[in-house]
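Fold and geometry: a report
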Amino acid sequence: MSPAMAASTEKMVVEILPSTVGTTPLGSCTESTCSHRGLRIGRHSRMYCAQLLVASFLLYLLWSNSTNDLSQGDVLAGPDFSHLASHCAHISPIPAGSFIARQDALSHTLRSLNASAYIAEPGASAGYFANLTGSHWHLSERPLLLVVQPITDGSGEVHANISIVTPAFEETRAKLLPIPAQAEVTYVAWPEDRNPFERALTLLPGLSTIYVDGSVRTFITDGLQKGAPNALVANAPVEVRRLRERKSAEEIDIMKCANEATVLAIRAAREHMKIGMRESEAGQLIRDALAATGIQNGYALTLFGENAALPHGSGTDRILGKHDFILIDGGGSLHGYASDVTRTFALPDSEIPPHHQALWKIVHAAQQRALASASNGTITASVDHAAREVIRKAGYGDFFTHRLGHGIGLEGHESPYLVGGSNDVILTGHTFSDEPGIYIEGKVGVRLEDCFYIDEHGKARYLTAGVGAPATSPWSP
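Read on for a plain summary of the structure.

Next up on the list: the overall build of the protein. The helix and strand inventory of the protein stands at twelve helices and 18 strands. Within the protein, the proportion of its 477 residues that are buried is 49%. Taking the intrachain contacts of the protein between residues at least 6 apart in sequence as the baseline, contacts between residues at least 24 apart amount to 66%. With the model as given, the accessible surface of the protein reaches about 22200 Å², and the carbon-plus-sulfur share is 54%.

Okay, here's the thing in structure tokens:
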């Protein structure tokens, strides 16, 4: 209903009601011959009842109009987070030339390892080397494979030869995939009644060793090995894995902005949170704010009070109380690169118990100690130990129940990991989450998480430092 129609309707109601109210009281509607919807009224009240029904209908139209305006405007729109949109607007995706450089680096590595080829399915690794992600091609029982072979040109330089093994009936679609390559991509199609692995192996004369990406499904590895019984088909070694693990400057720039935007989204959403709201409402605020930044596939684990004592709990849609911490574990992706940030915080009018504030400070100290202990050449287990010792000495060692952190990049969780028992070596370009926590079931949970990278000087730097992270107190996330 337009404002003009609403005003006209209101005027009609005002004109009708005075002619009935006070002159013919509702009590005069006695049982007689006139009825409407089961209400029996007297003859002398016919005019009154007709006017009352008209007025009631017009009042309903006014109420319906106001309700629709409220639901479409105030409720559905929510807070305005549009100011967050500019933060990563200047960040570009990885250019084609970088993919070709990655392919050549892989080829040099394969040649140094005396390997014939590297094979991957659509996913993070194929996405890294050839822009072939799971969103471009979903996995099924019909394999589509990326094959990278080292070849030597006339001048003795090693380059990558890129091939795609595709179901024959999908060949046209496969040729539409946006795969950068220095030379023309080779497409090998396999009909439904033929063995796809035998077709793939026709690309590889003089077989020695074939490396497959660690995420390749077992039936593919087995099929390749059966088709080439005299070759070694094995998971790609650390020399290959490190090509993706160690991030370039352009990758670090994307990851900085993605993680900064996640912090800004949490801070902006916090301004609209209030005592008495539910976990689902707070989570929606975070997701809305993340979407406004341009982050894709945004998520927000949202836990209040004792629910946060389950590190990956699903929550109970609990109502936020005055004495509760809020734990948000949120993130998403920017140009394919993941962000991951956790904040445990209070609202301005929260009254957090002193003991819970003390736990927050212990976790914060552990997070800082971990960052200080990480550098080029450090063993990953020692960084986990550094954080764990802070919490253990404070008397809460049994309540820090998970590893310190994980690698992060094209996958939210990727190797290497900051975990006890690991002998992986931290190198420049590595990126990790740093997320210690204390979880006392039934009472309270505290976790703080910022991701860091190892810079060209071998020092650990937070990806979120550009927006003043990490958190400095429960009231300054």
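This structure, assessed with the given rule, holds 17 salt bridges. Residue E170 pairs with R173 through a salt bridge whose shortest N-O separation is 3.1 Å. A residue is classified by how much of its surface remains accessible, and E170, at 19% relative accessible area, is buried. Classification of R173 as partly exposed rests on a relative accessible area of 40%. For R343, the salt bridge identified is with D450, shortest N-O distance 2.8 Å. Highlighted residues: R343 in strand β11 (residues 337–345) and D450 in strand β17 (residues 450–454), separated in sequence by 107 residues. The class of R343 is buried, set by a relative accessible area of 1%. Within this structure, R244, K247, E411 and E414 form a network of salt bridges that share partners.

As a further point, take the pairing of β17. Counting buried positions along β17 gives five out of five residues, so the element sits mostly inside the fold. Burial of the side chains of β17 extends over both faces: D450, F452 and I454 are buried on one face and C451 and Y453 on the other. Bridge analysis of strand β14 (residues 431–434) against β17 gives four bridges, and the strand direction is antiparallel. Directly across from S433, in β17, lies its bridge partner C451. Across three bridges, β17 lies against strand β18 (residues 460–462) in antiparallel orientation. For Y453, the partnering residue across the bridge sits in β18 and is R461.

Turning our eyes to something else, we now look at the state of the cysteines. Inspection of every chain in the model, using the stated rule, returns one disulfide. Between the sulfur atoms of C88 and its disulfide mate C257 the distance is 2.3 Å. Between C88 and C257, the disulfide has an S-S torsion of -115° and is therefore left-handed. Of this pair, C88 sits in the loop between α2 (46–77) and α3 (96–112) while C257 is found in helix α9 (residues 249–270), placing the two residues 169 residues apart along the sequence.

Turning our attention to α3. Its 17 residues place the ends of α3 25 Å apart at the C-alpha level, agreeing with the 24 Å of an ideal helix rising 1.5 Å per residue. Directly after α3, the chain includes N114, whose backbone phi takes a positive value near 60°.

If you walk across this open sheet you meet the six strands as β6-β5-β4-β3-β7-β8, and the pairing is mixed. Unpaired on one side and paired on the other, β6 (186–190) and β8 (232–235) mark the two borders of the sheet. Across the sheet, the axes of successive neighbouring strands diverge by a mean angle of 25°, strand direction being ignored. Taken together, the eight bridges between strand β4 (residues 145–152) and strand β5 (residues 158–167) define a ladder with antiparallel strand orientation. What sits directly across from P150, in β5, is A160. Seen against the sheet, α3 touches β3 (117–120), β4, β5 and β7 (209–212) and runs at an angle of roughly 100° to β5. Sheet contacts for helix α7 (residues 218–227): β3, β4, β7 and β8; angle to β8, the most-contacted strand, approximately 160°.

Next up on the list: the pairing of β3. Side-chain alternation along β3 places A117 and I119 on one buried face and Y118 and A120 on a second face that is also buried. Pairing analysis gives three bridges linking β3 to β7, with the strands arranged parallel. Within the sheet, the bridge partner assigned to Y118 lies in β7 and is Y211. The pairing of β3 with β4 spans three bridges and is antiparallel. Across the sheet, A120 pairs through a bridge with L146, a residue of β4.

We now examine the packing of α3 against helix α8 (residues 238–245). The N-to-C vectors of α3 and α8 enclose an angle of 165°; their axes lie 10 Å apart at closest approach. As the angle between them shows, α3 and α8 are arranged roughly antiparallel. Regarding α3 and α8, the two cross each other, and that crossing is right-handed. Each of A105, L106 and T109 in α3 lies in contact with α8, whose residues at this interface are E239, V240 and L243. Each residue belonging to the contact of α3 with α8 can be placed in one class, and the counts come to four nonpolar, one polar and one charged.

Time to look at the environment of I295. Mapped onto the fold, I295 is located in the loop between α10 (279–293) and β9 (296–304). When the C-alpha positions of I295 and A261 are compared, they lie 7.7 Å apart, and in sequence the two are 34 residues distant. Those residues in contact with I295, other than ones at most four positions away along the chain, are A258, A261, L290, G331, G332, S333 and L334.

L359, I438 and F452 are the most contacted members of the largest nonpolar core, which totals 30 residues. Contributions of two or more residues to this core are made by α11 (354–373), α12 (380–393), β15 (437–440), β16 (444–447), β17 and β18. Top contributing element to this core by residue count: α11, with seven residues. Core analysis: the second largest hydrophobic core is formed by 26 residues, L106, A120, V148 and A236 among them.

This part covers the packing of aromatic side chains. For the structure shown, the criterion picks out five aromatic pairs. When the ring of Y118 is compared with that of F129, the centres are 5.5 Å apart and the planes differ by 70°; the resulting orientation is edge-to-face. With Y118 in strand β3 and F129 in helix α4 (residues 124–130), the pair connects residues that are eleven residues apart, well separated along the chain. Of the two residues, Y118 and F129, both sit in the buried class. Given the relative accessible area of 3%, F129 is considered buried. Members of the aromatic cluster, joined through ring pairs, are Y118, Y128 and F129.

Reading guide: rules and limits
- Residues numbered from 1 in each chain as written.
- Predicted model: local features only at pLDDT ≥ 70, side-chain atom pairs only at ≥ 80, totals over all residues.
- Heavy atoms only, no water.
- Helix = DSSP H or I, 4+ residues; strand = E, 2+ residues; numbered from the N terminus.
- Buried < 20%, exposed > 50% of the residue type's maximum accessible area, 1.4 Å probe, protein only.
- Contact = heavy atoms within 4.5 Å.
- Areas by Shrake-Rupley, 256 points an atom, 1.4 Å probe, with all protein chains shown as cover.
- Salt bridge = Lys/Arg side-chain N within 4 Å of Asp/Glu carboxyl O.
- Pairing = 2+ DSSP bridges.
- Disulfide = S-S within 2.5 Å.
- Expected span 1.5 Å × (residues − 1).
- Axes fitted to C-alpha atoms, helices over the stretch in contact; angles between N-to-C directions.
- Parallel < 35°, antiparallel > 145°, perpendicular 65-115°, else oblique.
- Left-handed = near helix turned anticlockwise from the far one by under 90°.
- Nonpolar A, V, L, I, M, F, W, Y, C, P; charged D, E, K, R; others polar.
- Core = buried A, V, L, I, M, F, W, Y, C linked by side-chain atoms within 4.5 Å.
- Phe/Tyr/Trp six-rings, centres within 6.5 Å; stacked < 30°, edge-to-face > 60°.

Functional significance is not addressed by these values, which are geometric in nature.
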